[in-house]
Amino acid sequence: MVNDAPSPWNIANFVTMIRIAMVPFFAWALLVEGGDDTTWRLVATAIFVVAAVSDKVDGYLARSRGLITDLGKLLDPIADKLLIGAALILLWIPLGEVPWWIPVVILVRELGITFMRMGMLKYEVMPASRGGKLKTVLQAVAISMFLLPRDGFEWFTVLAWIVLMAAFVLTVVTGVEYVYQGWKIRRDARARTRSV
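Nothing here was measured: the structure is a model prediction, and the numbers come from that model. (Residues numbered from 1 in each chain as written. Predicted model: local features only at pLDDT ≥ 70, side-chain atom pairs only at ≥ 80, totals over all residues. Heavy atoms only, no water.)

Draft legend 1. Main features of the overall build of the chain. Along the backbone of the chain there are six helices and zero strands. Order of helices (α) and strands (β) in the chain, N terminus to C terminus: α-α-α-α-α-α. The principal-axis extents of the C-alpha atoms in the chain amount to approximately 65 × 35 × 25 Å. Residue burial in the chain is summarised as follows: out of 196 residues, 43% are buried. When the 20 basic and 16 acidic side-chain charges of the chain are each reduced to a single mean position, those positions are 13 Å apart. (Helix = DSSP H or I, 4+ residues; strand = E, 2+ residues; numbered from the N terminus. Buried < 20%, exposed > 50% of the residue type's maximum accessible area, 1.4 Å probe, protein only. Lys, Arg positive; Asp, Glu negative; His and termini not counted. Charge placed at Lys NZ, Arg CZ, Asp CG, Glu CD.)

Draft legend 2. How the structure looks around the side chain of Thr69. Mapped onto the secondary structure, Thr69 falls in the loop between α2 (38–64) and α3 (70–92). A polar contact is formed between the side chain of Thr69 and the side chain of Asn13, at a distance of 3.1 Å. In this view, Thr69 contacts Pro6, Ser7, Pro8, Asn10 and Asn13; residues no more than four positions away in its chain are not counted. (Polar contact = N/O pair within 3.5 Å; in protein donor to acceptor, adjacent residues only side chain to side chain. Contact = heavy atoms within 4.5 Å.)

Draft legend 3. Geometry of a nonpolar patch on the surface. On the surface, a cluster of nonpolar side chains totalling about 460 Å² of accessible area is made up of Trp100, Trp101, Val105, Val172 and Val176. At the level of secondary structure, the elements contributing two or more residues to the nonpolar patch comprise α4 (101–119) and α6 (154–195). Tracing the backbone through its elements, the reader meets Trp100 in the loop between α3 and α4. (Patch = residues over 30% accessible without salt bridge, like charges linked within 9 Å, V, L, I, M, F, W, Y side chains within 5 Å. Areas by Shrake-Rupley, 256 points an atom, 1.4 Å probe, with all protein chains shown as cover. Salt bridge = Lys/Arg side-chain N within 4 Å of Asp/Glu carboxyl O.)

Draft legend 4. Here's a closer look at the nonpolar core. Core analysis: the biggest nonpolar cluster contains 32 residues, and Phe26, Leu30, Phe48, Leu91, Ile143 and Leu147 have the highest contact counts within it. When residues of this core are traced back to their parent elements, those giving at least two are α1 (11–31), α2, α3, α4, α5 (130–147) and α6. Membership of the second largest hydrophobic core comes to six residues, among which are Ile113, Met120, Met126 and Ile185. (Core = buried A, V, L, I, M, F, W, Y, C linked by side-chain atoms within 4.5 Å.)

Draft legend 5. Broad picture of the confidence of the model for the chain. Summing up the model confidence of the chain, the mean pLDDT is 88 and the portion of residues at 70 or higher is 98%. Confidence, expressed as mean pLDDT per element, reaches its minimum in the chain at α3 with 88 and its maximum at α1 with 94. (pLDDT = per-residue confidence, 0-100.)

This is the structure in structure tokens:
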């Protein structure tokens, strides 16, 4: 019997792995001169944006070429969380541009949901929801705005805060939704086991 399932070592997953590899380069560029060098802030922003956009590229490749795999479903959100997490932590601790509670709540939610999804693999793979994808987009846009040099552009800083708070609220809401979805999957799996 021929196995028609796509190999996990495909172009879509390769793009995801490149996104993961870009994270340390982004972090280094952002921290040059303590984050005060305009040129390197722009370089860091460019790396971040390219990495964030690659999320759409690997998704398109996976869907259009029939390359959706369990590895891709798992790696894709991990890559997103590494990129977003690194940016939030750097904007918080060394740079002091966002208060502690924003990265802490977001990262606790992101790591918690990631570990929950890994634990749910024995039942089924939990793909990213539409709300989760929108949350990731808003986070990426807000962080990109914070990464850009904003001296003398108070209106831009205000706009960046509005987008970040929208991303923060959606992060919390979708986190609750994932927990509920995970609970339902586990409940249904146990019900099936008892009925066998």
